Structures are given as C-alpha cells and as structure tokens.
Amino acid sequence: MDRTEIENLFRSISVWKRGHERAPHKPLLLLYALGRYSRGCDRMIAFADVDRDLRELLIEFGPFRRAYHPEYPFWHLQQDGIWEIEAVRDISVPPGKSPSRSVLLKYHAKGGFRAPIYEAVAIDPYLRASLAYILLEGHFPATLHDDILSAVGLDVAFTLSKRRRRDPEFRHRVLTAYEYRCAVCDYDVRLGNTHVGLEAAHIMWHQAGGPDTEANGLALCSLHHKLFDLGAFTLTERLVIVLSNQVYGNHRFDQYLLAFHGQSIRPPQDPGYVPEPMYIRWHRRQVFKGEERYIPQSAPAYGSSYAAEEDEKYHPE
Ligand SMILES: [Zn+2]
C-alpha cells in the first residue's frame, strides 16, 4: 500500500453525522494510535487503554456530552479500511451496531491499524506527520492542533511549515469589522504598525462547514481565541459572554476571564457583521464545555432559559 493510498483512506474516513453535530471520535482515535506508534508501541492496542485514554481526549477536545463512548470509534473504524480488531472470542453484532464497552473489556479486545498501514507509518515519520495533518486540518481548528498533538504524544513540529493559510481575506475582514480589537477584552497591542496577538476566530468551525464571513467571525486576542475554541466560554444570541462552570483559576482568571462573564461583547462596527444566531447555537452545543456558570442578578439579563431548553431538545435521553 503506498503513501497516497493511505493518505486517501485517512482523508475519507466516514464520520458519524447528525446535522452539524461534531463527532471527533475517529480522528482522535487515529491520532492517538499514531502517537503510540511514533513511540514504538505494538500495532494492536488494548481496548482497556483506548477506553481510558480516548475518553480523556474526548473530554478535552470533543463536544461536552453526558456520556463518552470510546467503544464506538474503536469498533466502527473497522469500516474505513484502516483498522482491525482481535479478541479472545469472536464478537459479532448486527450491522451498524457496536458491542458494549463491557464486552470489549471482557474479551480483551485489541485494535490497531491494518498491518500494511502500520508497517508504513511505523518506519516513516513524514507519513505520520502527513496523516496527523490531514486529521487535524479536517476536524479541528488550528488553535487546538498543538494541544492535541502533545496530548497524543505525537511530535510532528515540522508539519507547521506546511500549514496553508486559509483565506487571509477572512482575517482582514473580521479584524476590520471589530476595528482591530478583541471583542471580549478590547486588547489591541501593536508593535510598530503590526497588530500582535489578535486573531480572527470562526464561531462555527471551518471544519464543520462554517463560512468565512464576518457574521461567523469574531476578532479575539490569542488567549480568548483559544479559550473560545476550547469551549471555556460561549455567547448567547444577545452576544453576552457566558463562562462554563468548569473553568476557574486564581486572580488572573478573575482578571482575564471572569471579569467578562455576563458582559456583552464589543459589537462590530456595522450591524450587518453581528454574529448570526445559528453559528452561536452551533458553538454552544458543539464546543462549549459543561454548564453555564451562574450570572449574578446585577449582570445584564440574558436568555439562559433558552439555552437550557435547547440543550434538552438536543439530548432527548
Ligand atoms: Zn481578549
């Protein structure tokens, strides 16, 4: 199997879809396996390891869910021509279904890349880097790439130079819409004539089909961009900043984040650039981590009951 064939398999993994819901399970499992192989680990990986480690990756980099299911990608990845499973007993389930976590543990299931793919990636760091790049570009915003790579223990720093810059126009248009200031904290530092540490964030990720338009963008400083992409805070449809109840820290946290909780973002210069509710809703459901932090009554009113209702609709169980 040559390099291009392997890259094409990784490019075309079928990711479970329901509307615009994020399903980063398969990409994270493949990145996890690549990380292990880069450290010389065996081809077949015990499900018990995947169950523990992939769960952590899903919690950190996946959308917030009441339950996490590492067994789904572990099983369903067999359909993509990359992955195979061995167990002490045959595990059979109806098509489209997956065995339970306890069955996989009980039968000591192991999974890994098919032998020809494993042999190619085990000896070729450039192929590992290229595959990691395909998975990251296809499923995660650039702010998270380095964190994911370090979480899976994959050292592919040299791929950085390969990263293409996506639509530089988007950056310019969004930063102009917000007059080159962070919409959260007003940060606007320049070094000479250059703006430093100011970025154009997608509200609905490009990887999820979010367009490169002002109404799907926010000008954010590097810190707030990263916190936004990790789901530490989100917005209401009225553009009020809402922190997750899972984010905390010392007095710097109060200063850099908590101070903005319950406040409105600094609006764009033109009402036509105001973030569209559908993109905000996507961010809230697919990126925001945990529950909303309580907003004291003195803070501006916002639609918190709306969010709770929407959340219920989205998780019918
Ligand atoms: Zn900021």
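Residues numbered from 1 in each chain as written. Predicted model: local features only at pLDDT ≥ 70, side-chain atom pairs only at ≥ 80, totals over all residues.

Let's talk about the overall build of the chain
Across its full length, the chain holds 13 helices and nine strands. Among the 317 residues that make up the chain, the fraction classed as buried is 37%. Intrachain contacts of the chain at a sequence separation of at least 6 include 71% that bridge at least 24 residues. (Helix = DSSP H or I, 4+ residues; strand = E, 2+ residues; numbered from the N terminus. Buried ≥ 20, exposed ≤ 12 C-beta atoms within 10 Å, placed from the backbone. Contact = placed C-beta atoms within 7 Å.)

Thoughts on the packing of helix α2 (residues 25–38) against helix α7 (residues 125–139)
Where α2 contacts α7, the two axes come as close as 10 Å, and the packing angle between them is 160°. Judged by the angle between their axes, α2 and α7 are roughly antiparallel. Here α2 and α7 pass one another in a crossing that is left-handed. Here α2 contributes Pro27, Leu30, Leu31, Leu34 and Ser38 to the contact with α7, which in turn contributes Arg128, Leu131, Ala132, Leu135, Gly138 and His139. Each residue belonging to the contact of α2 with α7 can be placed in one class, and the counts come to seven nonpolar, three polar and one charged. (Axes fitted to C-alpha atoms, helices over the stretch in contact; angles between N-to-C directions. Parallel < 35°, antiparallel > 145°, perpendicular 65-115°, else oblique. Left-handed = near helix turned anticlockwise from the far one by under 90°. Nonpolar A, V, L, I, M, F, W, Y, C, P; charged D, E, K, R; others polar.)

A look at the nonpolar core
Core analysis: the largest hydrophobic core is formed by 41 residues, its most contacted members being Leu29, Leu31, Leu34 and Ala132. Only α1 (3–11), α2, α3 (47–61), α4 (71–76), α6 (115–123), α7 and α8 (142–152) provide two or more residues apiece to this core. With sequence-adjacent residues up to four places away left out, Leu29 is seen in contact with Val50, Leu54, Pro73, Phe74 and Leu77. The next biggest cluster of nonpolar side chains, apart from the first, holds 32 residues, and it includes Val184, Phe228, Phe233 and Val240. (Core = buried A, V, L, I, M, F, W, Y, C linked by C-beta atoms within 7 Å.)

Details of the sheet that holds strand β2 (residues 83–86)
If you trace the three strands from one edge of the open sheet to the other, you get β1-β3-β2, paired in antiparallel fashion. The open sheet is flanked by β1 (45–46) and β2, the only strands paired with a single partner. In the sheet, β2 pairs with strand β3 (residues 110–113) via four bridges, with the strands oriented antiparallel. Among the inter-strand pairings, Glu86 is bridged to a residue of β3, identified as Lys110. (Pairing = 2+ DSSP bridges.)

Notes on the confidence of the model for the chain
For the chain, per-residue confidence averages 89 on the pLDDT scale, and 89% of positions sit at 70 or higher. Across residues 301–317, confidence stays below pLDDT 50; counting only partners more than four residues off in sequence or on other chains, it has 12 contacts. (pLDDT = per-residue confidence, 0-100.)

Focus: unusual backbone geometry
In this structure, Asp186 takes a positive phi of about 75° despite not being glycine. With respect to the helices and strands, the residue Asp186 is situated in the loop between α9 (168–177) and β4 (190–191). A residue is classified by how many C-beta atoms lie within 10 Å of it, and Asp186, with 11 of them, is exposed. Positive phi outside glycine occurs at Leu239, with the angle close to 70°. On the secondary structure map, Leu239 appears in the loop between β8 (233–235) and β9 (241–243). Judged by the 19 C-beta atoms lying within 10 Å of it, Leu239 is partly exposed.

Description of the pairing of strand β6 (residues 198–202)
For β6, a buried count of five out of five residues is recorded, marking the element as mostly surrounded by other parts of the structure. Residues Leu198, Ala200 and His202 line one face of β6 and the alternating positions Glu199 and Ala201 line the opposite face, and both faces are buried.

Topic: the pairing of β3
As judged from the two bridges shared by β1 and β3, these two strands associate in the antiparallel manner. Bridge pairing in β3 places Ala46 opposite Lys110.

Digging into the environment of Phe74
Note that Phe74 resides in helix α4. Sequence spacing of Phe74 and Lys26 is 48 residues, and the spatial spacing of their C-alpha atoms is 7.8 Å.

Re α2
For α2, spanning 14 residues, the distance from its first C-alpha to its last is 20 Å, which sits close to the expected 20 Å at 1.5 Å a residue. Within α2, 12 of the 14 residues are buried, leaving the element largely enclosed by the surrounding structure. Of the residues flanking the end of α2, it is Gly40, one or two places downstream, whose phi is positive at about 80°. (Expected span 1.5 Å × (residues − 1).)

Considering the environment of Lys110
With respect to the helices, strands and loops of the structure, Lys110 is situated in strand β3. Classification of Lys110 by C-beta neighbours within 10 Å gives buried; the count is 21. C-alpha of Lys110 to C-alpha of Glu86: the two residues are 24 residues apart in sequence and 5.3 Å apart in space. Excluding residues that lie within four positions of it along the chain, Lys110 makes contacts with Met44, Ile45, Ala46, Phe47, Ile85 and Glu86.

A word on the environment of Glu56
Note that Glu56 resides in helix α3. Judged by the 14 C-beta atoms lying within 10 Å of it, Glu56 falls in the partly exposed class.

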